[in-house]
Amino acid sequence: MIEPLTLTCSLQNLDHNSTVQFMYILHEPNGVIATINKDQSVVTTKQESNFNMANGKLSDTKLQASFIEVSWGYIKSSESGKYFCGAHVMGPDGRSERLNEVLAIIVLNPTLDDLVKVIPKLLRQADIEKESILDNKNNIYHIQEDINSKQQNIISIKDGLDTNSQNINIIKDDLETIRRNIKLYTDNLNVNKQSIARHNDELNTLRQIVDSLKDDLRTNKQSLQSITDEVNTNKENINQLKENLKSNKQTIQNITEDVSTNRQNIMNINNGLNTSQQSLSTLETDLGTQLINLSTALTQIKEKIEIGK
């Protein structure tokens, strides 16, 4: 037989909750040639088999079939015989059921008609192979050009290697300088580590200060609350004082009016006093004159008395 052949064993429309545990294909002369089980999703085939493809799947659903299949590109007459399709199914009650079907395959030697049918396919295959050969030749040509280009690149790389050797020597000198710098950086790093340790100590001290400030802040918050309460009380007192101030303003206004009246009275009294002072001055002058006259008269009388003695 020249044509490819595919043998498919399928199982569908199982009872609800039934599962396919295992499927196989058995060739009567050669034994089991392909298997698939629930724990292994890939089909296992016999090593000396002539298959060009083996496939299969065990389904858990009622709508999708479980199957196992093998394909031969060119089946031999020795592969004639009975083929058994077997399946182990686990029912919902836990009981296992074995299902089997048998198929006989007889491989005959190809006839002239078979060859006539195959020749067009072989010619088409030959044309495909010719096209593939031409493609391969073109690929080989391009690969050869690529090789030539790479050889030229290799020559350039060799020239570059000489330059790189000189650069490597320069790099070695630079590396030595870098090593010395690294040694210097390492020493500086040790100094910096000591400085960091000191800074850490200072940081711990600052943390303690911050904790103390936090405590003070909590105390100040309490004091601020007390001050706020006092301010509210003072606001109430201020409002009361404002009301008292309004009352006092009215009282002051009344007093001011009384003062104005008293000022007028005082001015009148002052005017009267001025008049009285002028009268007293005149009276005082008159009394002075009279006293002088009296003193003169007394003196004269005294003199007369003394003369009369």
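Calculation notes
- Residues numbered from 1 in each chain as written.
- Predicted model: local features only at pLDDT ≥ 70, side-chain atom pairs only at ≥ 80, totals over all residues.
- Heavy atoms only, no water.
- Helix = DSSP H or I, 4+ residues; strand = E, 2+ residues; numbered from the N terminus.
- Rg over C-alpha atoms; globule rule 2.2 N^0.38 Å.
- Buried < 20%, exposed > 50% of the residue type's maximum accessible area, 1.4 Å probe, protein only.
- Contact = heavy atoms within 4.5 Å.
- Areas by Shrake-Rupley, 256 points an atom, 1.4 Å probe, with all protein chains shown as cover.
- Lys, Arg positive; Asp, Glu negative; His and termini not counted.
- Charge placed at Lys NZ, Arg CZ, Asp CG, Glu CD.
- Disulfide = S-S within 2.5 Å.

Draft legend 1. Local environment of the overall build of the protein. Secondary structure summary: the protein contains one helix and eight strands in total. Reading the secondary structure of the protein in the N-to-C direction produces β-β-β-β-β-β-β-β-α. For 309 residues, the compact-globule formula gives about 19 Å, and the C-alpha radius of gyration of the protein, at 68 Å, lies well above that figure. Looking at the protein as a whole, 13% of its 309 residues are labelled buried. Counting contacts in the protein only where the partners sit at least 6 residues apart, residues at least 24 apart contribute 54% of the total. Carbon and sulfur atoms make up 55% of the accessible area of the protein, which totals about 24800 Å². Positive and negative side-chain charges of the protein, numbering 33 and 40 respectively, have mean locations separated by a distance of 3 Å.

Draft legend 2. Expanded view of the state of the cysteines. By the definition in use, this model includes one disulfide. The disulfide bridge from Cys9 ends at Cys85, spanning 1.7 Å between sulfur atoms. Looking along the S-S bond of the Cys9-Cys85 disulfide, the torsion reads about -45°, which is the left-handed sense. Here Cys9 is found in strand E1 (residues 5-11), whereas its partner Cys85 is found in strand E7 (residues 81-90), with 76 residues between them in sequence. We classify Cys9 as buried; its relative accessible area is 5%. Residue class for Cys85 comes out buried when judged on its relative accessible area of 16%.

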